[in-house]
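Coordinate analysis (summary)
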Amino acid sequence: ERRSLFIQKVAEARAKYQPEFTCVACRDLGYVNPLKEDGKPDYSNVVPCRNCISPETLRQFLGVSSLDATFDNFKTEKGAERSIAAAKAIAGLKTDWKLLLLSGRWGNGKTHLLEAISLGLWGKGISARVITFPDFVGSLKATFDKTKDKESETYDEMIKSVSYRPYLLLDDVG
């Protein structure tokens, strides 16, 4: 009885000093460590918390122009049926292939489809950021500068970070 009273008092004291969080996943920080393939946290990386992320933060994190770029509101053009089906297959995690190249003239919806893939993957628990090819190449070129500060990402670090992503979504390639 004395032991149970002690345990009860300790529990009450802990409860008194335990902060209450609105979001238990991120403890109101807004970011969490993603899980690696083995299910363990990747402490070298952070991603926005899915439970409490604001729409604007999500838009910026995914690199999309709008959270409204979905497959449902894509304006289908004649001849784009195979591209749409392939994009939906990737977003739905229903592919064995690892590369999808969308090509076509300006304004036919390549960026919209890429953003729809990103948002679709986010809905499945996968972070896939859209990066424009010119920005990507510019970042790579910046790593060649020998006078840069030591805190900047090196070429090897950048290639490694891109290589380990499950999806690389490059826009404006050509």
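For the structure itself, consult the block above.
Because the structure is a prediction, the values reported are computed rather than measured.

This paragraph deals with the overall build of the protein chain. Scanning the protein chain for helices and strands turns up 6 helices and 4 strands. What you see in the protein chain, going N to C, is helices and strands ordered as α-β-β-α-α-α-β-α-α-β. Its C-alpha atoms give the protein chain a radius of gyration of 22 Å, more than 25% over the compact-globule value 16 Å for 174 residues. Counting only C-alpha atoms, the protein chain reaches 80 × 50 × 30 Å along its principal axes. Within the span of the protein chain, comprising 174 residues, buried residues form 26% of the whole. On the protein chain, roughly 13200 Å² of surface is accessible, and the fraction owed to carbon and sulfur atoms is 53%. Of the charged side chains in the protein chain, 26 are positive and 23 negative, and the gap between their average positions amounts to 4 Å.

A word on the packing of aromatic side chains. The geometry of two aromatic rings is summed up by the distance between their centres and the angle between their planes. For the structure shown, the criterion picks out 1 aromatic pair. Consider the rings of Phe61 and Trp122, whose centres lie 6.0 Å apart with planes at 65°: the pair is edge-to-face. You can see Phe61 sitting in helix α2 (residues 55–62) and its partner Trp122 sitting in helix α4 (residues 110–123), a full 61 residues away along the chain. On the basis of relative accessibility, which here comes to 24%, the residue Phe61 falls in the partly exposed class. When its relative accessible area of 11% is taken as the criterion, Trp122 is described as buried.

According to the stated counting rule, one finds 1 salt bridge in the structure shown. Close ionic contact of Glu56 with Arg59 constitutes a salt bridge, the shortest N to O distance being 2.8 Å. Of this pair, Glu56 and Arg59 both sit in helix α2, 3 residues apart, which is roughly one turn of the helix. Given a relative accessible area of 24%, Arg59 falls into the partly exposed group.

Moving on, we get to a nonpolar patch on the surface. Taken together, the side chains of Phe6, Ile7 and Val10 make up a nonpolar region of the molecular surface, amounting to roughly 280 Å² of accessible area. Relative to the elements of secondary structure, Ile7 occurs in helix α1 (residues 2–17).

Moving on, we get to the nonpolar core. Counting residues in hydrophobic clusters, the biggest one holds 23 residues, and the most contacted among them are Leu62, Phe71, Leu113, Ile117 and Leu169. At the level of secondary structure, the elements contributing two or more residues to this core comprise α2, α3 (81–91) and α4. Per-element accounting of this core gives the leading share, 7 residues, to α4.

Before going further, it helps to spend a moment on unusual backbone geometry. Despite not being glycine, Leu93 shows a phi value in the positive range, around 60°. Here Leu93 shows up in the loop between α3 and α4.

With respect to the element layout, Asp171 can be found in strand β4 (residues 169–171). Buried charge without a salt bridge: Asp171, with Lys110 as the nearest opposite-charge side chain at an N-O distance of 6.8 Å. A polar atom in the side chain of Asp171 sits 2.7 Å from the side chain of Thr111. Setting aside its immediate chain neighbours within four residues, Asp171 contacts Thr111, Leu114, Val130, Ile131, Thr132, Phe133 and Pro134.

Attention shifts here to the environment of Tyr43. Its location among the elements puts Tyr43 in the loop between β1 (31–32) and β2 (47–48). Placed 11 residues apart in sequence, Tyr43 and Val32 show a C-alpha to C-alpha distance of 9.1 Å.

In this section: the environment of Leu121. Secondary-structure assignment places Leu121 in helix α4. For the pair Leu121 and Tyr164, spaced 43 residues apart in sequence, the C-alpha to C-alpha distance is 16 Å. Leu121 has contacts with Ile90, Ala91, Leu93, Ile126, Ala128 and Tyr167, leaving out every residue within four places of it along the chain.

The rules behind the values
- Residues numbered from 1 in each chain as written.
- Predicted model: local features only at pLDDT ≥ 70, side-chain atom pairs only at ≥ 80, totals over all residues.
- Heavy atoms only, no water.
- Helix = DSSP H or I, 4+ residues; strand = E, 2+ residues; numbered from the N terminus.
- Rg over C-alpha atoms; globule rule 2.2 N^0.38 Å.
- Buried < 20%, exposed > 50% of the residue type's maximum accessible area, 1.4 Å probe, protein only.
- Areas by Shrake-Rupley, 256 points an atom, 1.4 Å probe, with all protein chains shown as cover.
- Lys, Arg positive; Asp, Glu negative; His and termini not counted.
- Charge placed at Lys NZ, Arg CZ, Asp CG, Glu CD.
- Phe/Tyr/Trp six-rings, centres within 6.5 Å; stacked < 30°, edge-to-face > 60°.
- Salt bridge = Lys/Arg side-chain N within 4 Å of Asp/Glu carboxyl O.
- Patch = residues over 30% accessible without salt bridge, like charges linked within 9 Å, V, L, I, M, F, W, Y side chains within 5 Å.
- Core = buried A, V, L, I, M, F, W, Y, C linked by side-chain atoms within 4.5 Å.
- Polar contact = N/O pair within 3.5 Å; in protein donor to acceptor, adjacent residues only side chain to side chain.
- Contact = heavy atoms within 4.5 Å.

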